[in-house]
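Residues per chain are reported as follows:
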Amino acid sequence: MSFLPFAVAAWLFAVGLYGIVTSRHLIHLVVCLSVVQSSTYVLLLAIGYRTGASAPIFVEIPPGAPAVDPVVQALTLTDVVVAATVSALLLAMAVQVHKKAGTFDPDELDTLQG
Amino acid sequence: MSLRGRRNLFALGVLGFSVLFLWGLNGLPAFGHYEGVYGITLNRVAVTQRHATNLVAAVTFDYRGFDTLGEEFILFAAVVGVAILLRAQRDEAATPDEEDEETKDESRDAPHTSDAVRVLGLALIGPTVLFGLYIVAHGHLTPGGGFQGGVVLATAALLVYLTGEYVALRRVSPESVTELAESVGAGGYAAIGFIGLLTGQAFLTNVLPLGMTGQLNSSGTILLINLAVGVGVAGGFSLILAEFLEQTLLVREREHG
């Protein structure tokens, strides 16, 4: 089952993207985007994982002891923060769209309005 | 494009993606057998080099510090974007006779919350603030850091809103303060980077005394950047929360009166 984490990442990506493509509600669309983003966390953490290794916190273990890769964990941390703020920005846009157009349905937003 | 057309396009895209993904997986080491030189080397040398025991923080704020600086500015830009987007509307809504904010405050109360929520929330505010500060300050030693602790601190602002009302939130974290915290956090990060330049080395070089490994006062600039990021993230997320709560009140007001 060593491919399972990678399969989970691919599944999250695909299912989130399917949600975005078929979305009928802007809030739903933002949530789907965060599902897509979470696939990158799973992928990054899965790449850096080492069987039997501990977390890269060297408080009770000596330096050089087997630990999982701290670099991908740092990248994931960055990713999570950016995802949270991007979601906030998109939700703010959705609020504005609803005020201007009176709808959350992306299909009804097919004309540009100045 | 019709829903059907989009579905077909999606199927085509997923097909292409799975081919590329499988091809990419082919070149990866099997799960659990990571062989990246960078990570393994860091695990060996980082504690001696930087005197920080949480290597994730060491990578985020030191080895890849420049990258995180960019990320801090992404956060800053997104927060400013949220504020600009939501504030434009707020000004439109404000009619001249609403200038007397104090008398309007009665109608701006949050919907009635149950006593259980109030008591529990009130009891949690203090521990949440303390926990947030602890997470920020110990980022270089144990799991945590500025980003995580900052979000915990912003949760405290949300608890104030839950237990009291919006007015109380405005009093506890007024916009001028959260905006200042957000800017000081982002600017402080860059300023700490300049310490390296002042000593004639590269931007964001860890030039401060490293201290004893495992002590709170150790790891040089990693601790300082953690604190700056903690202030910035707490301010930024409080600002986002306040803007969204302000919006709900605006919308509610428009619907009821």
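Residues numbered from 1 in each chain as written. Chains lettered and ligands numbered in written order. Predicted model: local features only at pLDDT ≥ 70, side-chain atom pairs only at ≥ 80, totals over all residues. Heavy atoms only, no water.

A. Here's a closer look at the overall build of chain A. When helices and strands are counted, chain A shows three helices and zero strands. Counting from the amino terminus, helix and strand elements in chain A follow one another as α-α-α. A compact globule built from 114 residues would reach a C-alpha radius of gyration of about 13 Å, whereas chain A, at 19 Å, exceeds it by more than 25%. For chain A, the spread of C-alpha atoms along the three principal axes comes to 60 × 30 × 15 Å. In chain A, which comprises 114 residues, the proportion classed as buried is 40%. Sequence separation of 24 or more characterises 54% of the internal contacts of chain A that already satisfy a separation of 6 or more. When the accessible area of chain A is evaluated, it comes to approximately 5,700 Å², of which 70% is carbon and sulfur surface. Separation between the mean location of the 4 positive side-chain charges and that of the 7 negative ones in chain A comes to 5 Å. (Helix = DSSP H or I, 4+ residues; strand = E, 2+ residues; numbered from the N terminus. Rg over C-alpha atoms; globule rule 2.2 N^0.38 Å. Buried < 20%, exposed > 50% of the residue type's maximum accessible area, 1.4 Å probe, protein only. Contact = heavy atoms within 4.5 Å. Areas by Shrake-Rupley, 256 points an atom, 1.4 Å probe, with all protein chains shown as cover. Lys, Arg positive; Asp, Glu negative; His and termini not counted. Charge placed at Lys NZ, Arg CZ, Asp CG, Glu CD.)

B. Highlighting the environment of Phe17 of chain B. When you line up the elements, Phe17 of chain B lands in helix H1 (residues 3-26). Residues in contact with Phe17 of chain B, not counting those within four places in the same chain, are Ala10 and Phe13 of chain A.

C. Local environment of the confidence of the model for chain B. All names here are of chain B. Model confidence for chain B is summarised by a mean pLDDT of 84, while 90% of its residues fall at 70 or above. Within chain B, helix H6 (residues 115-137) carries the highest mean pLDDT (92), whereas helix H5 (residues 101-104) carries the lowest (45). Low pLDDT, under 50, characterises residues 95-106; the predicted model gives this stretch six contacts beyond four residues in sequence or across chains. Prediction confidence for the complex, expressed as pTM and ipTM, is 0.85 and 0.86 respectively. (pLDDT = per-residue confidence, 0-100.)

D. Expanded view of H1 of chain B. Between the first and last C-alpha of H1 of chain B there are 34 Å, a value that for 24 residues agrees with the 34 Å anticipated at 1.5 Å per step. Looking only at H1 of chain B, the buried set comprises Arg6, Phe10 and Phe21 of chain B. Elements that come into contact with the buried residues of H1 of chain B comprise helix H1 (4-21) and helix H2 (26-48) of chain A. (Expected span 1.5 Å × (residues − 1).)

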